[in-house]
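Remarks on the overall topology
Listed below, chain by chain, are the residues.
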Amino acid sequence: MADIKDKGFNAFKMAQEQFDKVAAKLSLDEATCNLLREPIREYHFTIPVRMDDGSVKVFKGFRIQHNDARGPCKGGIRFHPQETVDTVRALSMWMTWKCAVADIPLGGGKGGVICDPHNLSSREQETLCRGWVRQIARNVGPVQDVPAPDVMTNAQHMLWILDEYEKIAGGRFPGFITGKSVGMGGSLGRTEATGYGVVYVLRELLKDFKMDISKTKAAVQGFGNVSQYAVDLYSKLGGKVVCVSCWDQAESKSFTFFRPEGVSFDEMIRLTDRFGGIDKAKAKEVGYKILPGEEWIKQDVDILIPAALENQVTAETVKGIAPRVKIVVEGANGPTTPEADEVLNKRGIIAIPDFLANAGGVTCSYFEQVQCNMNYYWPKEEVLSKLDEKMTKAFHEVLDLSKRKAVSLRDAAYMIAISRVAEACKMRGWV
Ligand code: NAD
């Protein structure tokens, strides 16, 4: 499930190939395959923005709805200068599978604008957000398509979009968009949701392996939103994180922060800036060894949690994985390349695939939408306990199928997701 913008790499082609492989295993009929390997609807439009200097700049915007047979489409809006239609197509398809495997009643969508928000003033960004939703207002909404923040968009962008949508729709529709701030229709627990979800599925796999979590060690790549809360919950359950790695903005390279007696979540948070970078000098003072960035994957641990970015467990780096490692939990999107995945399978290392492991985020966004629609908000404990229940159930369905069919967790997760969507299309009489 890569999120890759390399020249020559086509994410949509890769998403279609993944789909074709599983469709063949499921013996899906031709019409269902033709329907599911393409987005159901695509909107491409232009957004004129009056810039601060008085000139007008025209931006290109997209919304792609891959499939809504199981419910309204769900997916982020990204602002990125190298955004491509094919990236958005692929991401919308992956959202369909993620919602289906988590068994939430939503489909898959994704949107974007080709722009670099770093070069736009706050007023220009606001105009862009309002312009985006004006072009698409009739085709999105709480019962059609529900956007959320993604790369380089945040709660403020979502609130501008919501405000403009509500002006057009003539009412208050907080369930139109998720990722809003708490108090403005956002859900408690959203910050923790993805990282905690990663650990809920890990905890279940360890139970299946009859491994006591308090006797396990993990190495984590990244110390941002997903990794911080994965470290937090895994440590609370008794596991020991021996290192985290992160990107150093000043030196333009990554470092691994290693401490054999374990990483302290609270201490690390104090040393971390808002971009997930860690202060090296202060970390040394409290006993961390600073190793090169790629060292995180070579540690003598039971569990690896890549939770930073795509393309990290590759044909090359997989060679460095220690014999002790039994589990890779993919917190990030697309951290493992297909070649590395084959090596993991051969070595008997179990990978919990990204679109299952990090589905806690979208599941909590769904809870946000539910709470907005009720106009009643749950306490954090209730949100997190519902999240645990959903993730645990989804994980066991995948684990059971992988055992029954003797396939990897990744293949089992795809088989469940694709069959659910195919079944919904059939029941609606579409194919
Ligand atoms: P984030 O920006 O909060 O944190 C990213 C972290 O990765 C930072 O600590 C950064 O220093 C580190 N990093 C960047 N480049 C690195 C490198 N080369 N080596 C080591 N560390 C590096 O991002 P996030 O929200 O935690 O997202 C992480 C991944 O999880 C992404 O792939 C994202 O698409 C995926 N994801 C996030 C969510 C969510 O709810 N946040 C949901 C689903 C999937």
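Predicted model, so just to flag it, every value in this text is computed and none were measured.

What counts, and where the lines are drawn
Residues numbered from 1 in each chain as written. Predicted model: local features only at pLDDT ≥ 70, side-chain atom pairs only at ≥ 80, totals over all residues. Heavy atoms only, no water. Helix = DSSP H or I, 4+ residues; strand = E, 2+ residues; numbered from the N terminus. Rg over C-alpha atoms; globule rule 2.2 N^0.38 Å. Contact = heavy atoms within 4.5 Å. Areas by Shrake-Rupley, 256 points an atom, 1.4 Å probe, with all protein chains shown as cover. Lys, Arg positive; Asp, Glu negative; His and termini not counted. Charge placed at Lys NZ, Arg CZ, Asp CG, Glu CD. Domains from an automatic or database assignment. Buried < 20%, exposed > 50% of the residue type's maximum accessible area, 1.4 Å probe, protein only. Pairing = 2+ DSSP bridges. Axes fitted to C-alpha atoms, helices over the stretch in contact; angles between N-to-C directions. Salt bridge = Lys/Arg side-chain N within 4 Å of Asp/Glu carboxyl O. Phe/Tyr/Trp six-rings, centres within 6.5 Å; stacked < 30°, edge-to-face > 60°.

Moving on: the overall build of the chain. Helix and strand counts for the chain come out as 14 helices and twelve strands. Its C-alpha atoms give the chain a radius of gyration of 21 Å, near enough to 22 Å, the size a compact globule of 431 residues would have. Taking the principal axes of the C-alpha coordinates as reference, the chain spans close to 55 × 55 × 45 Å. For the chain, contacts bridging at least 24 residues in sequence account for 70% of all contacts bridging at least 6. Accessible surface for the chain amounts to roughly 17900 Å². Of this, 52% is attributable to carbon and sulfur atoms. Computing the positive centroid from 57 side-chain charges and the negative centroid from 55, the chain places the two 1 Å apart.

Quick look at the domain arrangement of the chain now. Here the chain is described as being made up of domain 1 (37-175) and domain 2 (191-357). Placing a centre on the C-alpha atoms of domain 1 and another on those of domain 2 gives a separation of 31 Å.

Right, let's get into the pairing of strand β6 (residues 217-221). For β6, a buried count of four out of five residues is recorded, marking the element as mostly surrounded by other parts of the structure. Bridge analysis of β6 against strand β7 (residues 240-248) gives five bridges, and the strand direction is parallel. Looking at the pairing, K217 lines up with K240 of β7. Where β6 meets strand β10 (residues 303-306), four bridges bridge the pair, whose relative direction is parallel. For A219, the partnering residue across the bridge sits in β10 and is L304.

Attention now moves to the sheet that holds strand β9 (residues 289-292). Taken together, the seven strands give an open sheet; going across it, the order is β9-β8-β7-β6-β10-β11-β12, and neighbouring strands pair in mixed fashion. Strands at the two margins of the open sheet, each flanked by one partner only, are β9 and β12 (350-352). The sheet shows a mean angle of 20° between the axes of neighbouring strands, taken without regard to direction. This element, helix α6 (residues 190-208), spans β10, β11 (327-329) and β12 of the sheet and lies at about 160° to β11.

Bringing the sheet that holds strand β3 (residues 73-79) into the picture now. The five strands are arranged β1-β2-β4-β3-β5 in an open sheet whose pairing can be described as mixed. In the strand order of this sheet, the two ends are held by β1 (41-50) and β5 (145-149), each with one partner. The average angle at which neighbouring strand axes cross in this sheet is 20°, direction not considered. Taken together, the five bridges between β3 and β5 define a ladder with parallel strand orientation.

We now examine the pattern of salt bridges. A side chain with one charge can pair with a side chain of the opposite charge if their charged atoms come near. This model, assessed by the stated rule, comprises 42 salt bridges. Taking the shortest distance from any N to any O, the salt bridge between E397 and K393 comes out at 3.1 Å. Placement of the pair is E397 and K393 together in helix α13 (residues 380-405), with a separation of four residues, close to one helical turn. Each of the salt bridges in this network shares a partner with another, and the network as a whole consists of E126, R130, R134, D163, E164 and K167.

Let's shift gears to unusual backbone geometry. The backbone of M152 sits at a positive phi, close to 60°, despite the residue not being glycine. With respect to the element layout, M152 can be found in the loop between β5 and α5 (155-169). You will see that S252, though not glycine, has its phi angle at about 55°, which is positive. Checked against the element boundaries, S252 lands in the loop between β7 and β8 (253-258).

This brings us to the packing of aromatic side chains. Scanning the entire structure with this criterion turns up ten aromatic pairs. Look at Y165 and F176: their rings are 4.1 Å apart centre to centre, the planes differ by 25°, and that puts the pair in the stacked class. Separated by eleven residues along the polypeptide, Y165 in helix α5 and F176 in the loop between α5 and α6 bring together distant segments of the chain. Of the two residues examined, Y165 and F176, each falls in the buried class. Judged by centre distance (6.1 Å) and plane angle (55°), the ring pair of Y229 and F265 falls under tilted.

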